[in-house]
Number of protein chains: 2
Amino acid sequence: MEASISQTVPATSRERILEVALAEFAACGYEGARLQDIARAAGLSHPTLLYHFESKEGLYAAVIAAATADWAAETRRAISGNRQGFEQIASLVEAAFHFFETHANFVRVLRREAIEGGERLGAASADVLAPFVAEGVSFLERETAAGRLRPHDPLELMALCYAAVFTHFSDAAFRSRVLGDDPLTPAALRRSRDALLALLRAALDPGG
Amino acid sequence: MEASISQTVPATSRERILEVALAEFAACGYEGARLQDIARAAGLSHPTLLYHFESKEGLYAAVIAAATADWAAETRRAISGNRQGFEQIASLVEAAFHFFETHANFVRVLRREAIEGGERLGAASADVLAPFVAEGVSFLERETAAGRLRPHDPLELMALCYAAVFTHFSDAAFRSRVLGDDPLTPAALRRSRDALLALLRAALDPGG
DNA sequence: ACCTGTCTACTGACTTGTCAGTAGAGCGCC
DNA sequence: GGCGCTCTACTGACAAGTCAGTAGACAGGT
């Protein structure tokens, strides 16, 4: 599974299918998405889609794999700076907002999986995420011990950040409906991100 | 739509259907849920289900209505104390954890709706929620002006609390898969709730 | 000649919703 | 107390439609 989700108009049928399939799975869920609709949106008949992807499940797996590859790359970049204390947290939160801004549909797919327990993602995804979480916990414990962060339950802190960022993107349409604003404009994203950072800084940063 | 979701074994077919339908819609989503499966779980044939509820959409609406009635009652109770400052926030967070503990399946249904923009909920739900949010914002502004809370973006603060509580319940199965613990045990709920309250207190309570 | 990408036409499985009919409880009435 | 009538709750069988996936033909490039 190689292809990543491009930002420009995709050249090949395979790339076009991946892009519209992500949007369709995000909007309708796995069960609700129709191969015929995805194919039509990509300008193809649905048997042609099945020529490129062996089955609906195969297409879904390819969509997940493509977006996951992008995510892994972006996360590696955000922690490569080897920052300390609150600065590292801020850097990760900013990276998350930036990544999901360009992959909002992927968040909705992930959220659906999370609701269902992630069975469709396969055991692999849990095995990928667990070490990432463990590393985060040990970072928080280390920085707290060094006095660069005020003490807080590390696991719950990470869960809260995950919840805040994911919800902002996955529930954007709902928030827009209830509040009347669009949470995905650059200004709204900045506002939400800064509010989260301000709250975290007030609670965690010894110098804040 | 009168019936509420009971905690004990439901006596009537209608109540049994509502209960297993909530579980099925939570687990599979609206599209993924099968009337036949719901009926079988309730010990009936599927035409009998359609005898009690005119259609799949009608059943879904009835499920939402029953749970929403419970939610409204619990929320009214939590704000009836007329508390001030951080105490009122803590009271609401505690009430939310308590309510969703007994209605975890309802959270998953709501989250699915949020992902899809809540179109199936009808305009009514937005009209119910908007005043609730407005009241929360004006409470936060009033208490901040009175010096009982440290200043923070009110809307984003509410969004963050919503995100934290909803995610804890809607993504419980996923968290359990990644971390190996069960987030819905009383101890885990207390831990998560207290972590959220500690963070909020550190950021908002002038005396904390 | 063969491979790639595409199409039209089709099938089988499955789902919602309908229909006609059954079992049994309740009720007035002679 | 037996009879006719109605109502609720329920069922099996079926109609209508949808969906994923298959078969086979066809066009264009190498």
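Residues numbered from 1 in each chain as written. Chains lettered and ligands numbered in written order. Predicted model: local features only at pLDDT ≥ 70, side-chain atom pairs only at ≥ 80, totals over all residues. Heavy atoms only, no water.

## Things to note about the interface of chain A and chain B
At the junction of the two partners, chain A supplies 49 residues and chain B supplies 49 residues. For the pairing of chain A and chain B, the buried interface totals around 4300 Å² over both sides, and the portion due to carbon and sulfur atoms is 63%. Our enumeration of links across chain A and chain B arrives at 12 salt bridges. Summed over the shared surface of chain A and chain B, the number is 21 residue pairs in polar contact (both at pLDDT 80 or more). If you list the elements that add at least two residues to the side of chain A that touches chain B, you get helix H1 (13-32), helix H6 (104-115), helix H7 (123-145), helix H8 (154-170), helix H9 (172-179) and helix H10 (186-204) of chain A. Considering each element in turn, the side of chain A that touches chain B owes the most residues, 10 residues, to H8(A). Residues that form the side of chain A that touches chain B fall into these classes: 28 nonpolar, eight polar and 13 charged. (Contact = heavy atoms within 4.5 Å. Buried area = accessible area lost by both parts, 1.4 Å probe. Salt bridge = Lys/Arg side-chain N within 4 Å of Asp/Glu carboxyl O. Polar contact = N/O pair within 3.5 Å; in protein donor to acceptor, adjacent residues only side chain to side chain. Helix = DSSP H or I, 4+ residues; strand = E, 2+ residues; numbered from the N terminus. Nonpolar A, V, L, I, M, F, W, Y, C, P; charged D, E, K, R; others polar.)

## Observations regarding the protein's contact with DNA strand C
Residues in contact with DNA strand C amount to 15 residues; listed here are only the nearest, Ser13(A), Ser45(A), Thr48(A), His52(A) and His46(B). His46(B) is positioned with one of its side-chain polar atoms (N or O) 2.9 Å from a base nitrogen of DNA strand C. In this structure, Lys56(B) approaches DNA strand C through a main-chain N or O atom, which is 3.0 Å from a phosphate oxygen. Listed by contribution, the elements that provide at least two residues to the surface near DNA strand C are helix H3 (46-52) of chain A together with helix H3 (46-52) of chain B. (Near = heavy atom within 4 Å.)

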